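Remarks on the overall topology
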Amino acid sequence: MEEVEKLRKDNMRILLYGIGKDLEDIEIKIKNKHEIIGYTDSFARLKKYKGKLFYELCTIKKLDFDYLIITLKNRKIAWEIQEMLTGIYGIPLDKIIPFYVYANRELWNIKMNNYELEKVQGLIFGNSLAATGFLEKELDIPFVNLAVSSQDLYYCYQVFCQCIKQYGERFDSLKYIVIDLYNYMVFNLDTSRGKDILGYMYSGGIQDEHNFKDNKNYSNTLENEMFRNYNVILKDQKQDLMQEVFSNWDTEFEQSSYNRWSHITKYTTLRAEQIIGKSIIQRFEDTFQENRNIFEHFIKNIRKFNGDMKIIFTLIPQYIMMEKVSKPFMDDWKDEFYYIINDICERYHSVFWNFKNCKEISENPMFYYDEMHLNTVGARAISAILNEKLNCI
C-alpha cells in the first residue's frame, strides 16, 4: 500500500479546469512526471480538447484524479469556482488548487530562482522609485533589482538577509549593493503600520508582518486582509504541495518598468497626499530610532558577508515641481538624514550619490510617468548615469 501511495505522489493524475488564455501558462509549470488526464470547464460541451478527454463537470466526481487545478488568473473568480466545485459537484477541497491564489508572490524569491546568481555582481534595494527607475538591462554590470513599491528599510534588510541566507553560496561575483533611500524622511517610514502594507505584499514584497499588529488601518490579521482585498493567500499549508506539483509556481509579474511610455506635462497637478502625508509632517520617534538601528545592522551585515563590497546609497529625483513643493517639509528632515548617512559612509566605507541634483532628469516632464516615478525613457536616462558612476567606482 505504501508503494502505491509513493507512486501516486511521484506520478500524479492532473485535471485542468479552464480552457481559456491562462491554460498554457499553467500547463508548462506542471512537472513532467505528472500526467494531465484531461480538461473541464463550465461553458464548453466537448469530447476532446488538445488531444485529451474533456469532462463535463457533472462527471468529474467519479474520475480518478489526484488534483484539479484551476488555471484562471482572476483569483476572485477562481475562488468562486472552487466553492462551486465543492458545494455543487462534491469535489473534496483538498483536491482543488486555484493556482494563482496560492502562487508565490515574493519578488526576491522569484528572481533568485530565475537568475544566474553566479554571474550577478550587484543587488538593488528600494521602493517604487528604484523599482521603476533603475533598469537592470541598461547596466553594464549584471544586477538584480529587488526594489518593490512601498518597500521600507526594514523590508529591504529582510530581503537582503533571505537572499544571503538561502542563496549566499552562489553569489561568487557579488560586489555591489545599491540602496535607494527614497527621500530625506526615509527613517520615519514603517510600511507595516501603514495603509500600503497590502499593496506591498501584493506587488511582490517579502511576507513578513513586522509591526502589523500595531496597524490601526486594519482590524483583521494580515493573512485575512490579503485574502479579503486581493484573494491572495500568503504562506500556507499548500506550499509543499505547490512545490511537488509544479516545477515553477511563481507569479509572473509584468515588467512595467520597461513599458511606461506616457508622460506628465510641465504643469502637472500634484497630489496633496504625496506632499503632506503623515510620514512627512509627523515624526514617529519609535519608528525613526528603529530604522536607524535597522540601517546599521543592514550595512554591518553586508560588510560581514563581503568586507570589500561596494555599498552605494542613492536618492532618485522626483519631478522638479514635486521637489520644490515638498522642499519646506523635507528641510525638516534633511540635516538629520545627512548626519546619519555621512556617519554610515565614513564608518562603513560607503558612498552616497544624490541624483536629486541631476536637473537634466528632474526638470524634464518627458521623463516622468507621474509626479514621482520615472517612465521608461527617464529610467533609461538615470540608469545611464548610474551605469557611468558604477564603472568609475
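Note that the structure is predicted; figures quoted are calculated from it, not measured. (Residues numbered from 1 in each chain as written. Predicted model: local features only at pLDDT ≥ 70, side-chain atom pairs only at ≥ 80, totals over all residues. Heavy atoms only, no water.)

**A word on the overall build of the protein chain**
If you tally the helices and strands in the protein chain, you get 16 helices and eleven strands. Its C-alpha atoms put the protein chain at 70 × 45 × 40 Å along the principal axes. For the protein chain, the proportion of its 393 residues judged to be buried stands at 54%. Of the contacts formed within the protein chain by residues at least 6 apart in sequence, a portion of 73% connects residues at least 24 apart. Each charge class in the protein chain can be summarised by its mean position, and for the 51 positive and 57 negative side chains these summaries are 3 Å apart. (Helix = DSSP H or I, 4+ residues; strand = E, 2+ residues; numbered from the N terminus. Buried < 20%, exposed > 50% of the residue type's maximum accessible area, 1.4 Å probe, protein only. Contact = heavy atoms within 4.5 Å. Lys, Arg positive; Asp, Glu negative; His and termini not counted. Charge placed at Lys NZ, Arg CZ, Asp CG, Glu CD.)

**Some thoughts on the packing of aromatic side chains**
Under the criterion given, the structure shown has 27 aromatic pairs. Pairing F125 with F298 gives two aromatic rings, centres 5.7 Å apart and planes at 85°, and the pair type is edge-to-face. In this pair, F125 is assigned in strand 7 (residues 122–125) and F298 in helix 13 (residues 285–305), connecting sequence segments 173 residues apart. Side by side, F125 and F298 carry an identical accessibility label, which is buried. A network of ring pairs unites the aromatic residues Y184, F187, F288, F295, F313, W333, F337, Y338 and F352 as a single cluster. One cation-aromatic arrangement involves K95 over F65; the distance from NZ or CZ to the ring centre is 4.2 Å. Lying across the ring of Y202, R105 places its NZ or CZ 4.3 Å from the centre. (Phe/Tyr/Trp six-rings, centres within 6.5 Å; stacked < 30°, edge-to-face > 60°. Lys NZ or Arg CZ within 6 Å of the ring centre and 35° of its normal.)

**Digging into the sheet that holds strand 10 (residues 310–315)**
On the basis of which strands lie adjacent, the open sheet formed by five strands has the order 8-7-9-10-11 and parallel pairing. Edge positions in the open sheet fall to strand 8 (143–145) and strand 11 (351–354), since each of these has one partner strand only. Strand after strand, the sheet turns through a mean of 20° between neighbouring axes, direction not considered. Its contacts with the sheet place helix 13 against strand 7, strand 9 (176–180) and strand 10, and it is angled at close to 145° to strand 10. (Pairing = 2+ DSSP bridges. Axes fitted to C-alpha atoms, helices over the stretch in contact; angles between N-to-C directions.)

**Let's talk about helix 13**
Over its 21 residues, helix 13 extends 30 Å from the first C-alpha to the last, a length consistent with the 30 Å expected when each residue adds 1.5 Å. For helix 13, the secondary structure elements touched by its buried residues are strand 7, helix 7 (153–167), strand 9, strand 10 and helix 14 (320–348). (Expected span 1.5 Å × (residues − 1).)

**Focus on the sheet that holds strand 6 (residues 96–98)**
Here we have six strands laid out as an open sheet, ordered 3-4-2-1-5-6, and mixed in their pairing. The sheet terminates laterally at strand 3 (48–49) and strand 6, the two strands that pair on one side only. As paired strands, strand 3 and strand 4 (residues 52–55) are joined by two bridges and run antiparallel to one another. Paired with Y49 across the strands is K52, a residue of strand 4. Against the sheet, helix 3 (residues 75–87) contacts strand 1 (13–17), strand 5 (67–70) and strand 6, and its axis sits at roughly 165° relative to strand 6.

**Points about the environment of E24**
When you line up the elements, E24 lands in helix 2 (residues 23–27). Residue E24 is classed as partly exposed on the basis of its relative accessible area of 37%. Spatially, the C-alpha atom of E24 lies 39 Å from that of K175, the residues being 151 residues apart in sequence.

**As for the pattern of salt bridges**
Side-chain pairs of opposite charge can arise where the charged atoms are in close proximity. Applying the stated rule across the entire model yields 23 salt bridges. Residue E225 is joined to R228 by a salt bridge in which the shortest nitrogen-to-oxygen separation is 2.8 Å. Pair noted here: E225 and R228 are both in helix 9 (residues 222–230), with a separation of three residues, about one helical turn. With relative accessibility at 1%, the residue E225 sits in the buried group. (Salt bridge = Lys/Arg side-chain N within 4 Å of Asp/Glu carboxyl O.)

**Some thoughts on unusual backbone geometry**
Its identity as a non-glycine residue notwithstanding, Y182 has a phi of 70°, on the positive side. Within the secondary structure layout, Y182 lies in the loop between strand 9 and helix 8 (197–202). A residue is classified by how much of its surface remains accessible, and Y182, at 13% relative accessible area, is buried. In this structure, N231 takes a positive phi of about 55° despite not being glycine. One can find N231 in the loop between helix 9 and helix 10 (239–245). Assessed through its relative accessible area of 13%, N231 is described here as buried.

**Details of the confidence of the model for the protein chain**
In this model, the protein chain carries a mean pLDDT of 94, and residues with pLDDT of at least 70 account for 96%. For the stretch residues 1–7, pLDDT sits under 50, and the model shows zero contacts to residues farther than four places along the chain or on other chains. (pLDDT = per-residue confidence, 0-100.)

**A word on the packing of helix 5 (residues 107–114) against helix 7**
Where helix 5 meets helix 7, the axes come as close as 10 Å, and the angle between the chain directions of the two elements is 35°. Here helix 5 runs over helix 7; the crossing is right-handed. Packed against helix 5, whose contacting residues are W108, N109, M112 and N113, the element helix 7 presents V159, Q162, C163, Q166 and Y167 at the interface. Grouping the amino acids of the contact of helix 5 with helix 7 by side-chain chemistry returns five nonpolar, four polar and no charged. (Left-handed = near helix turned anticlockwise from the far one by under 90°. Nonpolar A, V, L, I, M, F, W, Y, C, P; charged D, E, K, R; others polar.)

**Examining the nonpolar core**
Among the nonpolar cores identified, the biggest contains 90 residues, and F125, F171, L181, F295, I299 and F313 are the most heavily contacted of them. Apart from residues no more than four positions distant in its own chain, I299 is found in contact with I179, I311, F313, I344, Y348 and S350. By size, the runner-up hydrophobic cluster in this structure holds 26 residues, among which are M12, I14, I26 and F246. (Core = buried A, V, L, I, M, F, W, Y, C linked by side-chain atoms within 4.5 Å.)

**Some details on the pairing of strand 1**
Counting buried positions along strand 1 gives four out of five residues, so the element sits mostly inside the fold. Strand direction decides the pairing type here: strand 1 and strand 5, joined by four bridges, are parallel. Residue pairing for strand 5: L16 is matched across the bridge by I69.

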